Every structure is written in C-alpha cells, then in structure tokens.
Amino acid sequence: MDTPQLTLKPSREKALLRRHPWIFSGAVARVEGDPPPGATVEVLSTHGDWLASAAYSPSSQIRARIWSFDPAQTVDAGFIRQRLEAAIRARDAYRQESNALRLVHAESDGLPGLVVDQYSDTLVAQFLSAGAEFWKDAIADEVLRITGGKQLYERSDAEVRSLEGLESVDGWLRGDGEPQLTVDENGLQFQVDLAGGHKTGFYLDQRRNRLRVRQLAAGREVLDCFAYTGGFAVNALVGEAAAVTLVEESAGALALAEGNAALNRLPAERMELIEADVFSQLRSFRDERRSFDMIILDPPKFAPTRAQVERAARGYKDINLLAFKLLRPGGLLVTFSCSGGVDAALFQKIVAGAALDAGVDARILDRMSQAPDHPVGLHFPEGEYLKGLVCQVG
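Within every chain, residues take consecutive numbers counted from 1 along the sequence as written. Side-chain atom pairs in this predicted model are given and counted only at pLDDT of 80 or more, local residue features only at pLDDT of at least 70, and totals for whole chains, interfaces and linings cover all residues. Think of the side-chain values as coming from all heavy atoms in the structure, minus any hydrogens and water.

Between 30 and 60 degrees the pair is tilted, below 30 it is stacked and above 60 it is edge-to-face, where a pair is any two Phe, Tyr or Trp rings, Trp via its six-membered ring, whose centres lie within 6.5 Å. If you walk through the whole model with that rule in mind, you get 10 aromatic pairs. In this structure an aromatic cluster arises from ring pairing among Trp-22, Phe-24 and Phe-380.

Following this line, the structure appears as structure tokens:
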C-alpha cells in the first residue's frame, strides 16, 4: 500500500457520492498507513470501493478534505499547478472591475482550505487547512509564477487554523515590503493594510455591492454601520449622497476611511465619523430621534458555526430592528450577514421579524451575495456565506 487509506463507516459515503468535499471524523472507520497532517489519503467505502483522494487532517473534526473524485488523478505538484492555473484564469473576466480580486476560493475552486487574494502586484494567501499547509511552498511559488506577482504575504491567522492543529502565521512568505498599498475598484481608490486589516486586508467580496450602494445613494442621508475603512461610505459619496455618517469602533479603520475619502477627492464636510460600538450608537440615534434615508449594516461574523446561530440571530435582529426604526418613509436598509451558519432563508426571516417588531412595512428590492470571484460550488453550499438584502420601508 503506497498511499495511506481512509475507510468510511457503513453508509457514510452518501455525501461523497453527492460530491460534497468534507469527511467528518464521525464517518471514519479507520486510517491505515499513518499519514502525517496534510498528506494525501485514498478514501474507500466500507466495502473497499475507491471514492476520492483527500488531504488528511488528524486534529480536525473535518478529518479529510477532498482533492479529487477522479481515480486517474494523482495529487502532486502538477495537480496543484493545474488547479491554480484554472482558478486564476477564471478571474480574468473580472479584472476590468478592480486590480484587487480573489484568485482562489478554497473548496469552490477545488483547493480546500486555500485562499489567495491579489492586490495589484502583491498576493495575500491564507493556508487554512492541513492540506493547504502541506503544499504551501509549491502553492506560493506557483501563484507568483502564474500571476507575475512580486511578493506574497501570508495571513494564516484565522481561528480555523487552530482547529486544524496549526499555529497562527502572519508575515511575508515570498519577498517583502510595506504591507500598506492602494488598489483600484470600479474607478475608485482604496488604501489597504494587508497586515492589520480584516480578512486579507479588504472586503473583496463586497465589491459589486459597494457599486450597488453608489447607484442607490443619490440625495440620501446615509448611515454606514460597521463602516470599517469606508468602502460603502466612499461609494455613497461618489453616488451623490447628501451626507454620510460612519460608525466604526476601530479608530484605525476610521482613519483609513477618512483617508480613502480624501484619496478620492470627496468633500469632508459631507462625512461624519463616529468611533463607537454600533449597537450603542444606534440606540443613541433612536433616543435622539435622528433618522436617515439609507442605512447600511455590514456586521462581522456573528455565527461562525451552526452552534452559534441562536445567539447570532438575536444580534442580527437587534441591529436590524434599530435600523428600521431610524429609517424615514421610503428609506432603504442595505443589510448583510456573512455568517456561514445563517442561511439566506433564515436571514430573511430574521430581518422580517425585525421589521415586524419595529412596526414598519418593508419590501425586498434586491438580493445581494459575494462577488463572482468568490464562487460557490454547487455541491458545497457552505461556500455561500454572504447574504444581503435591500429593503425599502413604506
């Protein structure tokens, strides 16, 4: 036996036959061959039928992540190269929108646990699974070769690394330089902090939704909550919003937001920056009887897993209820959830409940999701994490 083998318990192959790329620890009967973390294993049914090749992760509840369902494919450097080339080539259609794109979106690109983002000539990678970590050096070399990028920064500092038995890593993996840079997006410029920013530095998944806000903002007084570095706020100002108020608890992020407005030559007098907790500030606005024509809610992940959904639902309902109370008649609520544990149907139900409790009638004008460089595999619904609604109150 050259390749280690992972054998499933009886009747536990059903998800794999539907091409779902995860094998949970409870589905595993035995592992033979003593594979190290990240090594490739052959996945067999309880009857010994070959099902897939996968990356083994002995510390994770997701015990193996599928590389391929094709028995003719060998997982080697050539395999990794081909998957990277296919993923990066698929992004060519979006390069006219921005020079900052997601090049590899993990399982949805057949490269489980790997995220690669491009910011101009700098790449940022997250190796979030044992399999991605196993092939780290090959991946780093190949993505730079394929893209012609000059350097690669590693942001393997997400909490999921610990679930894979991996330590947090943050720093230059190939090359070096200043981790602060400027990118172009739909005719605008934004400063990005690769080292200290959220995710890999910028919310690339919201690119088209920021443009949608620009299209809706004309003449409106806008409140941008969880404003981060001002992506939505800057677009609203460019869209001729009458005024924009940003609420963000990070002073550093607000400073970048102010800088982004100046970078795009936008009038500072139409911006109000408030460093505060969003929940508290929304209640203050309510008590002050302040109101707005458009409110944007783009909170952080409230429910990383399904186990936290109930608590997250309360949080989403609270902020949406407060927002509905602050909207003027005809006003727009642009509201998002990036929690994987909250699906689109549940999110709509939460927002509907918030409108009911706020005593307003509202209708959905538009639905939003992550930008298409963050694709969703048909057999991997977990890849669809970002949900958004544009609601109008009566």
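This paragraph deals with the pattern of salt bridges. Salt bridges are defined as contacts in which a side-chain nitrogen from Lys or Arg sits within 4 Å of a carboxyl oxygen from Asp or Glu. Applying the stated criterion across every chain yields a total of 29 salt bridges. One salt bridge in this structure joins Glu-310 and Arg-314, with 3.7 Å as the shortest N-O distance. Of the two residues, Glu-310 and Arg-314 both sit in helix 10 (residues 309-326), 4 residues apart, roughly one turn of that helix. Between Asp-357 and Lys-317 there is a salt bridge; the shortest N-O distance is 2.8 Å. Highlighted residues: Asp-357 in helix 11 (residues 344-358) and Lys-317 in helix 10, separated in sequence by 40 residues. Look at Lys-317 and you get partly exposed, because its relative accessible area is 29%. Where salt bridges share partners, they join Arg-81, Glu-85, Glu-142 and Arg-145 into one cluster. Only DSSP runs of H or I with at least four residues qualify as helices, and only runs of E with at least two residues qualify as strands; both kinds are numbered from the N terminus onward. Burial classes: relative accessible area under 20% of the type maximum marks a residue as buried, over 50% as exposed, and values in between as partly exposed (1.4 Å probe, protein chains only).

So, about the environment of Leu-263. Here Leu-263 is to be found in helix 8 (residues 251-263). Two residues qualify as a contact provided that any one of their heavy atoms is within 4.5 Å of a heavy atom in the partner residue. In contact with Leu-263, other than residues within four places in its own chain, are Thr-182, Gln-189, Phe-190 and Gln-191.

Generally speaking, a soluble globular protein has its nonpolar side chains buried in company with each other. Among the nonpolar cores identified, the biggest contains 40 residues, and Tyr-119, Val-244, Leu-246, Met-294 and Val-334 are the most heavily contacted of them. Counting residues per element, this core draws most heavily on helix 7 (residues 231-238), which supplies 5 residues. Excluding residues that lie within four positions of it along the chain, Val-334 makes contacts with Val-213, Met-294, Ile-295, Ile-296, Leu-297, Met-368, Leu-389 and Val-390. Residues belong to one nonpolar core when they are buried, are Ala, Val, Leu, Ile, Met, Phe, Trp, Tyr or Cys, and are joined through side-chain atoms within 4.5 Å. By size, the runner-up hydrophobic cluster in this structure holds 35 residues, among which are Ala-313, Leu-322, Ile-350 and Val-393.

Each pair of strands is called paired provided DSSP finds at least two bridges between the two strands. Taken in spatial order, the 5 strands of this open sheet run 7-8-9-10-11, and their pairing is mixed. Whereas interior strands pair on both sides, the edge strands pair on one side only; in this sheet they are strand 7 (100-105) and strand 11 (169-174). When strand polarity is set aside, the average angle formed by the axes of neighbouring strands in this sheet is 20°. Pairing of strand 8 (residues 114-119) with strand 9 (residues 122-127) involves 6 bridges; the strand directions are antiparallel. By the bridge assignment, Gln-118 is partnered in strand 9 with Leu-123. Interaxial angle, 0 to 180 degrees, is taken between N-to-C directions of lines fitted to C-alpha atoms, where a helix line uses only the stretch in contact.

Note that Asp-117 resides in strand 8. Polar contacts involving the side chain of Asp-117 include one to the side chain of Arg-102, which spans 2.7 Å. Two N or O atoms count as a polar contact when they lie within 3.5 Å, although within protein this holds only if one can serve as hydrogen donor and the other as acceptor, and sequence-adjacent residues are included solely when both atoms are side-chain atoms. Side-chain polar atoms of Asp-117 contact the side chain of Thr-200, separated by 2.6 Å. Beyond its immediate sequence surroundings of up to four residues, Asp-117 is in contact with Leu-101, Arg-102, Leu-103, Thr-122, Leu-123, Val-124, Thr-200 and Leu-204.

This brings us to the environment of Ser-59. Relative to the helices and strands, Ser-59 is located in the loop between strand 5 (50-56) and strand 6 (62-68). Separated by 105 residues in the primary sequence, Ser-59 and Glu-164 have C-alpha atoms spaced 5.4 Å apart. Leaving out residues up to four positions away in the same chain, Ser-59 has contacts with Leu-163, Glu-164 and Gly-165.

Another point: the sheet that holds strand 6. A sheet is described by the order of its strands in space; here 6 strands give the open sequence 2-6-5-4-1-3, paired in mixed fashion. A single partner strand is all that each edge strand has here, and the edge strands are strand 2 (22-24) and strand 3 (28-32). With strand direction ignored, the average angle separating the axes of adjacent strands in the sheet is 35°. Examined bridge by bridge, strand 1 (residues 5-8) and strand 3 share 4 bridges and lie antiparallel to one another. Bridge pairing in strand 3 links Gln-5 to Glu-32.

Across the 6 residues of strand 10 (residues 151-156), 6 count as buried, placing the element largely inside the fold. Burial of the side chains of strand 10 extends over both faces: Gln-151, Tyr-153 and Arg-155 are buried on one face and Leu-152, Glu-154 and Ser-156 on the other. Bridging between strand 9 and strand 10 involves 4 bridges; their strand directions are parallel. Paired with Thr-122 across the strands is Gln-151, a residue of strand 10. Note that strand 10 and strand 11 share 5 bridges and pair antiparallel. Paired with Arg-155 across the two strands is Asp-170, which belongs to strand 11.

Glancing now at the pairing of strand 18 (residues 327-337). Two faces, one strand: in a regular strand the side chains alternate between the faces of the sheet. Burial runs high along strand 18: 8 of the 11 residues are buried. As defined by bridge partners, strand 17 (residues 292-297) adjoins strand 18 across 5 bridges and the pair is classed as parallel. Bridging from a neighbouring strand, Met-294 pairs with Leu-332 of strand 18. Of the pairings in the sheet, the one linking strand 18 to strand 20 (residues 387-393) comprises 6 bridges and is antiparallel in character. Residue pairing in the sheet places Leu-333 in a bridge with Cys-391 of strand 20.

In this section: the packing of helix 10 against helix 11. At their nearest, the axes of helix 10 and helix 11 sit 8 Å apart, and the two run at 45° to each other. One element, helix 10, and the other, helix 11, form an angle in the oblique class. The chirality of how helix 10 crosses helix 11 is right-handed. Judged by residue contacts, Val-309, Ala-313, Tyr-316, Lys-317, Asn-320, Leu-321, Phe-324 and Lys-325 of helix 10 engage Leu-346, Phe-347, Ile-350, Val-351, Gly-353, Ala-354, Ala-355, Asp-357 and Ala-358 from helix 11. In these notes the angle categories are as follows: under 35 degrees is roughly parallel, over 145 is roughly antiparallel, 65 to 115 is roughly perpendicular, and the rest is oblique. Each crossing gets its handedness from the near helix: less than a right angle anticlockwise from the far helix is left-handed, clockwise is right-handed.

This next bit is on helix 2 (residues 77-90). For an α-helix the count is 3.6 residues per turn, leaving residues at separations of three or four pointing the same way. Expected helix span is taken as 1.5 Å per residue step, with the number of steps being one fewer than the number of residues. For helix 2, built from 14 residues, the straight-helix expectation of 20 Å at 1.5 Å per residue is met to within 8% by its first-to-last C-alpha distance of 20 Å. For helix 2, every residue scored as buried is listed here: Phe-79, Ile-80, Arg-83, Leu-84, Ala-87 and Ile-88. Buried residues of helix 2, viewed axially, fall in a sector of 155°; they line one side. Pointing more than 90 degrees away from the buried face of helix 2 are the exposed residues Gln-82 and Arg-89. Its side-chain oxygen placed 3.1 Å from the backbone nitrogen of Gly-78, Asp-76 serves as the N-cap of helix 2. What the arc describes is the spread of directions from the helix axis to the C-beta atoms.

Coordinates in, geometry out; function isn't part of it.
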